[in-house]
Amino acid sequence: MLEQFETETQFSKSYPGTVQGFKNWICDHQTDDRASEEPYWEGKENGRTAESAINTLLVHLNRYAKSYSKSAISDSEFSTQEDFIYLINLKAFGEMTKMELIKKNIHDKPAGMLIIARLLRHGWIEQHDSEADKRSKIIRISEAGRIALEQQMKKIRQATHIVAGNLTHKEKMELIRILNKLDRFHYPIFSRNIHPENLIETVYSEHL
């Protein structure tokens with residue numbers, strides 16, 4: 001199995017060459033009885049592909065999640081769900097550069113800088129010069145940001161529970177595993193900042 005793992009991942013970065021990467025690879029290659037049964041998706045009988053169904057369902061789920069997030073902040077000073085997600089990341093992972101925070105949230109620089117500017121105006125984050133690179137700013141959540149976040153956390157947690165819907169614990173764990181696999185595929189590509197004109201052609205030629 002280790003030889004097969006090394007062969008399959010020699011030119012692919014989907015799995016890191018570590019024990020954990022090997023474990024993830026093993027899990028991804030395990031099957032159960034249900035895995036061999038194809039589910040139904042809308043339009044399947046007319047030739048609609050599985051990839052098309054996956055894309056549509058991910059878009060729908062993102063919109064559902066946004067609607068619950070919007071409800072969670074309806075009575076607060078937060079403008080968008082990105083505002084509190086940025087604060088949650090700073091609280092969880094500690095201070096970081098602006099670009100590190102923007103990339104962690106899978107935003108492009110202009111959109112991310114607007115969110116950071118909004119958080120600064122509210123006084124929810126603080127910034128100081130980086131000792132490693134004077135051109136960079138290090139940002140961290142402020143006490144006011146912690147208070148603002150904590151005031152909404154009950155509703156935010158309720159929203160996250162609703163998004164998980166009626167999945168069982170086992171289904172949640174399986175979904176996390178699958179989404180992590182997709183994230184490990186897409187994040188390195190996103191981090192390369194490939195120009196939109198060349199993105200599809202580059203990814204398709206290199207990975208598919």
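Scroll up to find the structure.
Note that the structure is predicted; figures quoted are calculated from it, not measured.

Enquirer: Break down the side chain of T202 for me, with residues and values.
Expert: With respect to the helices and strands, T202 occurs in helix α9 (residues 196-207). Using a relative accessible area of 18% as the deciding quantity, one classes T202 as buried. Within the local environment of T202, its side chain forms a polar contact with the backbone oxygen of N198, the two atoms lying 2.7 Å apart. Look past the residues within four positions of T202 in its chain and what remains in contact with it is R192 and I194.

Enquirer: I'd like a rundown of unusual backbone geometry, residues and numbers included.
Expert: Of note in this structure, I106 is not a glycine but carries a positive phi near 55°. Here the phi dihedral of N193 falls at roughly 55°; this positive angle occurs in a residue that is not glycine. Topologically, N193 is positioned in the loop between α8 (169-191) and α9.

Enquirer: Residues and numbers for the packing of helix α4 (residues 81-93) against helix α7 (residues 143-163), please.
Expert: In the contact formed by α4 and α7, the axes pass within 10 Å of each other and the chain directions differ by 110°. With respect to α7, the axis of α4 lies roughly perpendicular. The crossing of α4 and α7 is left-handed. Between α4 and α7, the residues in contact are F84, L87, I88 and K91 and G145, R146, L149, E150, M153 and I156, respectively. Taken together, the residues that form the contact of α4 with α7 break down as six nonpolar, one polar and three charged.

Enquirer: Which residues make up helix α6 (residues 109-122), and what values go with them?
Expert: With 14 residues, α6 extends 20 Å between its outermost C-alpha atoms, agreeing within 8% with the 20 Å of an ideal straight helix rising 1.5 Å per residue. Among all positions in α6, only G112, I115, I116, R118 and L119 are buried. Buried residues of α6 fall within an arc of 155° about the axis and therefore sit on the same side. In α6, the exposed residues that point more than 90 degrees away from the buried face are K109, P110, L114 and R121. Looking at the buried residues of α6, the elements they touch are α4, α5 (98-104), β2 (125-129) and β3 (137-141). Between the side-chain oxygen at the start of α6 and the backbone nitrogen of A111 there is a gap of 3.1 Å, and the oxygen is on D108. Of the residues one or two after α6, G123 is the one with positive phi, at around 80°.

Rules of the game
- Residues numbered from 1 in each chain as written.
- Predicted model: local features only at pLDDT ≥ 70, side-chain atom pairs only at ≥ 80, totals over all residues.
- Heavy atoms only, no water.
- Helix = DSSP H or I, 4+ residues; strand = E, 2+ residues; numbered from the N terminus.
- Buried < 20%, exposed > 50% of the residue type's maximum accessible area, 1.4 Å probe, protein only.
- Polar contact = N/O pair within 3.5 Å; in protein donor to acceptor, adjacent residues only side chain to side chain.
- Contact = heavy atoms within 4.5 Å.
- Axes fitted to C-alpha atoms, helices over the stretch in contact; angles between N-to-C directions.
- Parallel < 35°, antiparallel > 145°, perpendicular 65-115°, else oblique.
- Left-handed = near helix turned anticlockwise from the far one by under 90°.
- Nonpolar A, V, L, I, M, F, W, Y, C, P; charged D, E, K, R; others polar.
- Expected span 1.5 Å × (residues − 1).
- Arc of directions from axis to C-beta.

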